[in-house]
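For reference, the chains in residue letters:
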Amino acid sequence: MRNAASWGNAGHIATEQVAPLASMASLRSAWRRRFAAGGALDLPVHGVRTWLPFALRFLAAARPDRFRAGGDALRALLAEALPAWQRAPWAGQLVKTEGHFVIWGDTAQAAAGKAVWLSADIGTARVDDAAPQDIARIRAVIPAPIAGALRFTGTGQISDLDLLAAALENDILQQGGQILRETGTLILEQGQARVPGHEADLVLVTAGVHSKPLVERAGHHAPIVAERGYHIRAVADHWPADLPPIVFEDRSMIVTRYADTVQAASFVELGRPDAPPDPRKWERLEHRVTELGLPMRPPFTRWMGARPTLPDYLPAIGRSRRAANLLYAFGHQHLGLTLAPITAELVAALANETHPHIDLTPFDLERFGGKGGRA
Ligand SMILES: Cc1cc2nc3c(=O)[nH]c(=O)nc-3n(C[C@H](O)[C@H](O)[C@H](O)COP(=O)(O)OP(=O)(O)OC[C@H]3O[C@@H](n4cnc5c(N)ncnc54)[C@H](O)[C@@H]3O)c2cc1C
């Protein structure tokens, strides 16, 4: 499905995002980041029954001890993220490794934001002040004032999500696989997971935000929320093809050049995946692009997709302890593109019953208990 989160994200291989978003820092900044105040965070009243239980679990997961443990778990996965992408046979065409930029328009926010990044644990990524030639490249496309800029290395970008989808589907077919585009369901029969209508030795649930009802049928609890994000895209006739993604941190927006298009993305709207999109978010993106004078001209295409997020901002990757033939890999929140190949390698190890080379204990779904769940 092309409206799945994987086909509209910002394309950023975000190896620097070691700190789980379930943190005291996120809590402290939440009020400032709210949509009504011009920020990216929206907790719509109509979605309160969905996001309130999530928020309560988030509070527990943000405790300093759990935050530290979550960071250790994410650091181990993220250290392998870019190498795993580079092992793909088509990496030379689709995986760019020129890093990314983070910039600010406001002087005070630039000073504060830079201080945070320059002292943060960013795993295998590296960060420094952007060099004068980098700033010149940015100024060539952004006429608005730039108060500060950082250059990250050791991060990456997928050059085009549609080409990536085509390459992945081709890999499956080349290896004798078959692609059936159906909505599957799951039942538990004599301790084994089954997908009615299909014979399978193993069942892997990797259905993004829709994974919840599937694993719940096997007795798991998956307190997932849809963290909905929005993008607009325009034909990339004036955006340099070699300019890495730019995060406009004080505007909570990331701009990515793809093969033929340039995309601006933002927003964290917690709620149901199937609630209608909120057009005010696209309008704000369009306004931001115009206000900054970015070379992105209408007509814009508009897209909304749901990040699958668990309250501790760690994915669920593992073999079920409730159905021995059931594997799962979902809940990758803001890092699903980044972590896709390393997750696939870990799932392959589980499927082949070899020992995964990363400890999967922190990603065990049992951390949420069984049906009904615990904090
Ligand atoms: C605006 C935005 C920007 C983002 N930017 C980045 C980024 O720069 N870098 C990054 O790493 N991550 C980013 N993300 C997050 C990333 O996109 C997600 O974490 C990732 O796409 C989740 O992948 P997934 O395969 O788990 O879920 P999805 O991409 O949602 O895919 C789930 C698939 O399961 C299928 N499915 C669902 N139910 C069933 C069923 N019952 N039977 C069969 N199939 C089913 C769906 O059709 C879909 O194809 C961003 C997300 C958003 C919204």
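Residues numbered from 1 in each chain as written. Predicted model: local features only at pLDDT ≥ 70, side-chain atom pairs only at ≥ 80, totals over all residues. Heavy atoms only, no water.

(A) Quick peek at the site of the ligand. Neighbouring the ligand are 28 residues, the closest being Ser-6, His-12, Gly-184, Gln-333 and Thr-338. In this structure, an oxygen atom belonging to the ligand sits 3.3 Å away from a main-chain N or O atom of Ala-5. Between the ligand and Gly-336 there is a distance of 3.0 Å, counted from an oxygen atom to a backbone nitrogen or oxygen. The fraction of the free accessible surface of the ligand (1,000 Å²) that becomes covered by protein chains is 83%. With 4 residues, the top contributor of residues to the shell around the ligand is strand β15 (residues 301-309). Split by residue class, the shell around the ligand holds 10 nonpolar, 16 polar and 2 charged. (Near = heavy atom within 4 Å. Polar contact = N/O pair within 3.5 Å; in protein donor to acceptor, adjacent residues only side chain to side chain. Areas by Shrake-Rupley, 256 points an atom, 1.4 Å probe, with all protein chains shown as cover. Helix = DSSP H or I, 4+ residues; strand = E, 2+ residues; numbered from the N terminus. Nonpolar A, V, L, I, M, F, W, Y, C, P; charged D, E, K, R; others polar.)

(B) Inspection of the sheet that holds strand β1 (residues 12-13) at higher detail. Within the open sheet, the 3 strands sit side by side as β1-β7-β3. Their pairing is antiparallel. Sheet topology places β1 and β3 (95-96) at the edges, where each strand pairs with a single neighbour. Taken together, the 2 bridges between β1 and strand β7 (residues 156-158) define a ladder with antiparallel strand orientation. Pairing of His-12 across the sheet is with Gln-157, part of β7. (Pairing = 2+ DSSP bridges.)

(C) Molecular detail of the side chain of Gln-333. Note that Gln-333 resides in the loop between β17 (326-330) and α11 (340-351). From its side chain, Gln-333 meets the backbone oxygen of Tyr-313 in a polar contact 3.0 Å long.

(D) Up close: the sheet that holds strand β10 (residues 203-205). Taken in spatial order, the 3 strands of this open sheet run β10-β17-β16, and their pairing is mixed. Unpaired on one side and paired on the other, β10 and β16 (316-319) mark the two borders of the sheet. Sheet twist, expressed as the mean angle between neighbouring strand axes with direction ignored, is 15 degrees. In this sheet, β17 lies alongside β16 in antiparallel orientation, the contact comprising 4 bridges. (Axes fitted to C-alpha atoms, helices over the stretch in contact; angles between N-to-C directions.)

Take it as geometry only, folks, not as evidence of what the structure does.
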